[in-house]
Amino acid sequence: TGAAREEARRAAGSQPSAAGWLAVGRTAAAAGDLAEARDAYRRSLALSPLNPPVWAELGALELRRGEEEAALACYLTAAGISHTSLGPARAAGSLLLSRRGPEAALAFWGSLARRQPDWGYPPYARAEIFLRENDPERAEAELAEALRRDPENSLFLALQGRIRR
């Protein structure tokens, strides 16, 4: 509401904090004021630049504004700060795939897989891309790695069923 937005803006202005500016950004984004939301998220990041959720929210905002490259930069930053943050990683991987092609997305997921050797999602994402690119052998190899890392993951097991069809 307008009152909540004004209260968040007043609180952030009187005692600037990353959380306060994040609240202003959220209320402005909810109200459809994308310019104010963007400014507030940037102010939040100025106070706390290593905050993956704020980078992710700014990325989502940039997508709403139609700024895919800016959104991608935000998602890549969030994923780089928190290597196991699935939301920003998925958004970055999806944008890389659609904007720059499978090679860029595969490289991104490969980088995350190397940095987080216990996280099964990056090899799973690579398997999905290989399957989409009609390379079931490489998809199966990546999926085997994902299942080695997380053998009970139902998402991974479902992809295994699709590959074996």
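For the structure itself, consult the block above.
Residues numbered from 1 in each chain as written. Predicted model: local features only at pLDDT ≥ 70, side-chain atom pairs only at ≥ 80, totals over all residues. Heavy atoms only, no water.

### Some words on the pattern of salt bridges
In total, this model carries 13 salt bridges according to the counting rule given. One salt bridge in this structure joins R99 and E69, with 3.1 Å as the shortest N-O distance. Residue R99 is located in helix α6 (residues 86-100), and its partner E69 is located in helix α5 (residues 68-81); the two are separated by 30 residues in the primary sequence. A relative accessible area of 42% means that R99 is categorised as partly exposed. Residues R162 and E128 are paired through a salt bridge, measuring 3.4 Å at the closest nitrogen-oxygen approach. Placement of the pair is R162 in helix α10 (residues 154-164) and E128 in helix α8 (residues 121-132), with a sequence separation of 34 residues. By relative accessible area, R162 is classed as partly exposed at 38%. (Salt bridge = Lys/Arg side-chain N within 4 Å of Asp/Glu carboxyl O. Helix = DSSP H or I, 4+ residues; strand = E, 2+ residues; numbered from the N terminus. Buried < 20%, exposed > 50% of the residue type's maximum accessible area, 1.4 Å probe, protein only.)

### As for unusual backbone geometry
For residues other than glycine, phi is negative in most cases, and the peptide bonds are mostly trans. Unusually for a residue other than glycine, N134 sits at a positive phi of about 60°. Following the sequence through the fold, N134 ends up in the loop between α8 and α9 (136-149).

### What to know about the nonpolar core
Judged by nonpolar contacts, the single largest core of 30 residues is most densely connected at F108, W109 and L143. Setting aside anything within four residues of it in sequence, one finds F108 in contact with L76, A79, A89, A92, G93 and L96. Formed by 13 residues, the second largest nonpolar core is a distinct cluster that contains A29, L34, A37 and Y41. (Core = buried A, V, L, I, M, F, W, Y, C linked by side-chain atoms within 4.5 Å. Contact = heavy atoms within 4.5 Å.)

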